[in-house]
Amino acid sequence: MASTKAWKGFLKFGVLNVPIFLNVGARDSKQISFNNLHSKCNSQLKAPKYCPTCDERVPDDEVIKGYETPTGFIRINKTEIDSMAPASEKVIEISDCVKWEDVDPLYLAESFYVLPDQPGLKAYSLLVKSLTETGRVGLAQVSKNNREHLVLIRPKGNGLMLHYLWYANEVNRVPEFDELQPASLSPAEVKLGAKLVESLASDFQPEHFRNGFEERVAQLIASKMDETVQAPTPIQSTQNIAPADLMEALKASLAQPRPRRQITLEHAVPVKSNKKKKRAA
């Protein structure tokens, strides 16, 4: 699958400005998703923006943001949000270099490949080499999608990887976890536990694991391909149809065969049976 550039700008390291671009490190989950259908007619259900007070659908230009408080909502418009955005969205400036082993994996979020634009290859290679030899990784912030992200830049082979990090206030703290005390274990139990772990030792090869549930759902869908249902054609409103278009629609309707009437049981004509009635004994 071809890679897609997710961001383009500069990686600033001291006085060095390295032109780079980011490629996503992992695709969105391949989880099978379903649409909601109306069981009576197989039509796909939609969720329009609807105002229960005005009893009407709301167009996008009438939608604003609202922050809920105990006494009501605070109205926030897009202009106010945009004015809060960082001044630059094109520079990732490394502000700290920390030891890689000091980074708790709990903070790691999305991953990206950092690739150099050709003019910056030498400076890029210098940064890779410097981080590799010192055993450190860079910390920086970058603005993307109207949000300021904390990121970590680390060397991987001859290149760099960038990871979004959770901010400290976004990481859950569970007191029960922090207060856990180890149970008393005998030397024999510890030795046997280590032996069990060694018996399961292997190299990290994530390609050996598959999402069995998703595969079974895919097989179920494949087995039901001949049972595909069609949603009815939505009834077109004549309210916004121009007169010329309306005439064409009427002509096309007249050209269609007349639909059969549905006969209700009340007006149904009894069907005569060819079988002779048996005489009563």
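Structure first, text after, so check above.
Just so it is clear, the structure is predicted and the values come from calculations on it, not from any experiment. Throughout, residues of each chain are indexed from 1 in the direction in which the sequence is written. In view of the model being predicted, local features appear only for residues whose pLDDT reaches at least 70, and side-chain atom pairs are presented and counted only at 80 or more, with totals across whole chains, interfaces and linings using the full set of residues. Excluded from the side-chain calculation are hydrogens and water; included are all heavy atoms of the structure.

Trainee: Can you help me understand the overall build of the chain in this one?
Mentor: Runs of H or I in DSSP of at least four residues are treated as helices and runs of E of at least two as strands, each being numbered from the N terminus. Counting secondary structure elements, the chain contains 6 helices and 12 strands. Think of it in three bands: residues with accessible area under 20% of the maximum for their type are buried, residues over 50% are exposed, and the middle band is partly exposed, with areas taken using a 1.4 Å probe on protein chains only. For the chain, buried positions account for 16% of its 281 residues. Contacts are assigned to residue pairs with any non-hydrogen atoms lying within 4.5 Å of each other. Considering only residue pairs separated by 6 or more positions, the chain has 61% of its internal contacts joining residues 24 or more positions apart. To be clear on the numbers: accessible area is Shrake-Rupley with a 1.4 Å probe, and residue cover counts the displayed protein chains and nothing else. Approximately 24700 Å² of the chain is accessible, and the part contributed by carbon and sulfur atoms is 56%.

Trainee: Just checking my understanding: could you explain the nonpolar core for this structure?
Mentor: Proteins that are soluble and globular tend to have nonpolar side chains buried together. One finds Leu 11, Ile 20, Ile 92, Val 151, Ile 153, Leu 160 and Leu 162 to be the most contacted residues of the largest nonpolar core, which totals 20 residues. Those elements that provide at least two residues to this core are β1 (5-13), β2 (16-24), β9 (108-116), α2 (121-134), β10 (136-144), β11 (147-156) and β12 (159-165). For this core, the element with the highest residue contribution is α2, accounting for 4 residues. Among residues more than four places away in sequence, those in contact with Leu 162 are Leu 22, Ile 92, Glu 110, Ser 111, Phe 112, Val 114, Val 151, Leu 152 and Ile 153. What is meant by a nonpolar core is a set of buried Ala, Val, Leu, Ile, Met, Phe, Trp, Tyr and Cys residues, joined one to another through side-chain atoms within 4.5 Å.

Trainee: Hey, could you run me through a negative patch on the surface in this one?
Mentor: A cluster of acidic residues, Asp 55, Glu 56, Asp 61 and Glu 62, forms a negative patch on the protein surface. Relative to the assigned elements, Glu 56 resides in strand β4 (residues 56-57). Grouping into patches uses exposed residues only, defined as over 30% relative accessible area, and leaves out salt-bridged ones; the cut-off is 9 Å for like charges and 5 Å for nonpolar side chains (Val, Leu, Ile, Met, Phe, Trp, Tyr). The salt bridge definition used is simple: a Lys or Arg side-chain nitrogen within 4 Å of an Asp or Glu carboxyl oxygen. When charges are counted, Lys and Arg are positive and Asp and Glu negative, with His and the chain ends excluded. Just so you know, the charge point we use is NZ for Lys, CZ for Arg, CG for Asp and CD for Glu.

Trainee: Would you take a moment to explain the packing of aromatic side chains for this structure?
Mentor: The description of an aromatic ring pair uses the distance of the two centres, along with the angle that the planes make with each other. Pairing of aromatic rings covers Phe, Tyr and the six-membered ring of Trp, with a centre-to-centre limit of 6.5 Å; geometry is then stacked below 30 degrees between planes, edge-to-face above 60, and tilted otherwise. For the structure on display, the rule yields 1 aromatic pair. An angle of 50 degrees between the planes, with centres 5.1 Å apart, marks the rings of Phe 112 and Tyr 164 as tilted. Of this pair, Phe 112 sits in strand β9 while Tyr 164 sits in strand β12, placing them 52 residues apart in sequence. Across this residue pair, the class does not change: Phe 112 and Tyr 164 are buried.

Trainee: Is there a simple way to think about α2 in this case?
Mentor: Quick reminder: α-helices carry 3.6 residues per turn. Residues three or four places apart thus point the same way. Residue count minus one, scaled by 1.5 Å, sets the expected span of a helix. Under the 1.5 Å per step criterion, the end-to-end length of α2 is 20 Å for 14 residues, consistent within 8% with the ideal 20 Å. Those residues of α2 not exposed but buried are Tyr 124, Leu 127, Val 128 and Leu 131. Along α2, the residues classed as buried sweep out an arc of 100 degrees about the axis, all on the same side. Exposed residues lying more than 90 degrees from the buried face of α2 are Lys 122, Lys 129 and Glu 133. Trailing α2 by a residue or two, Gly 135 shows a phi angle of about 70 degrees, which is positive. Starting at the helix axis, one direction is taken to each C-beta atom, and the arc is that of these directions.

Trainee: Which parts of the structure should I look at to understand unusual backbone geometry?
Mentor: Leave glycine aside and you will find that most residues have negative phi; peptide bonds, for their part, are mostly trans. Not every positive phi belongs to a glycine, and Asp 55 is a case in point at roughly 55 degrees. Mapped onto the elements of the fold, Asp 55 is located in the loop between β3 (50-51) and β4.

Trainee: How should the pairing of β12 be read in this particular structure?
Mentor: Each regular strand displays side chains that alternate between the two surfaces of the sheet. Taking burial as the measure, the 7 residues of β12 include 7 buried ones, the bulk of the element. Neither face of β12 is exposed, since Gly 159, Met 161, His 163 and Leu 165 on one face and Leu 160, Leu 162 and Tyr 164 on the opposite face are all buried. Here the rule is simple: two strands pair whenever DSSP picks up at least two bridges between them. Note that β9 and β12 share 5 bridges and pair antiparallel. Bridge assignment links Tyr 113 to a residue of β12, and that residue is Met 161. Here 7 bridges tie β11 to β12, and the two strands are oriented antiparallel to one another. By the bridge assignment, Arg 154 is partnered in β12 with Met 161. Once β11 ends, the chain turns through 2 residues before running back antiparallel as β12, passing Gly 157 with a positive phi of about 65 degrees.

Trainee: Hey, could you run me through the pattern of salt bridges in this one?
Mentor: Close approach of charged atoms lets side chains of opposite charge pair. Within the structure shown, the criterion is met by 3 salt bridges. In this structure, Lys 8 engages Asp 117 in a salt bridge whose closest nitrogen and oxygen atoms are separated by 3.9 Å. Of this pair, Lys 8 sits in strand β1 while Asp 117 sits in the loop between β9 and α2; the two residues are 109 residues apart in sequence, bridging distant segments of the chain. Given the relative accessible area of 44%, Lys 8 is considered partly exposed. In this structure, the salt-bridge partner of Arg 210 is Glu 215, at a minimum N-O distance of 2.6 Å.

Trainee: Before we go on, may I ask you to explain the pairing of β10 in this structure?
Mentor: In terms of burial, β10 is largely enclosed, as 7 of its 9 residues are buried. Across 4 bridges, the pairing between strand β8 (residues 96-99) and β10 is antiparallel. Each bridged residue has a counterpart across the sheet, and for Cys 97 the counterpart in β10 is Gly 138. Direction of pairing for β10 relative to β11: antiparallel, over a ladder of 7 bridges. Within β11, the residue paired with Gly 138 across the bridge is Ile 153.

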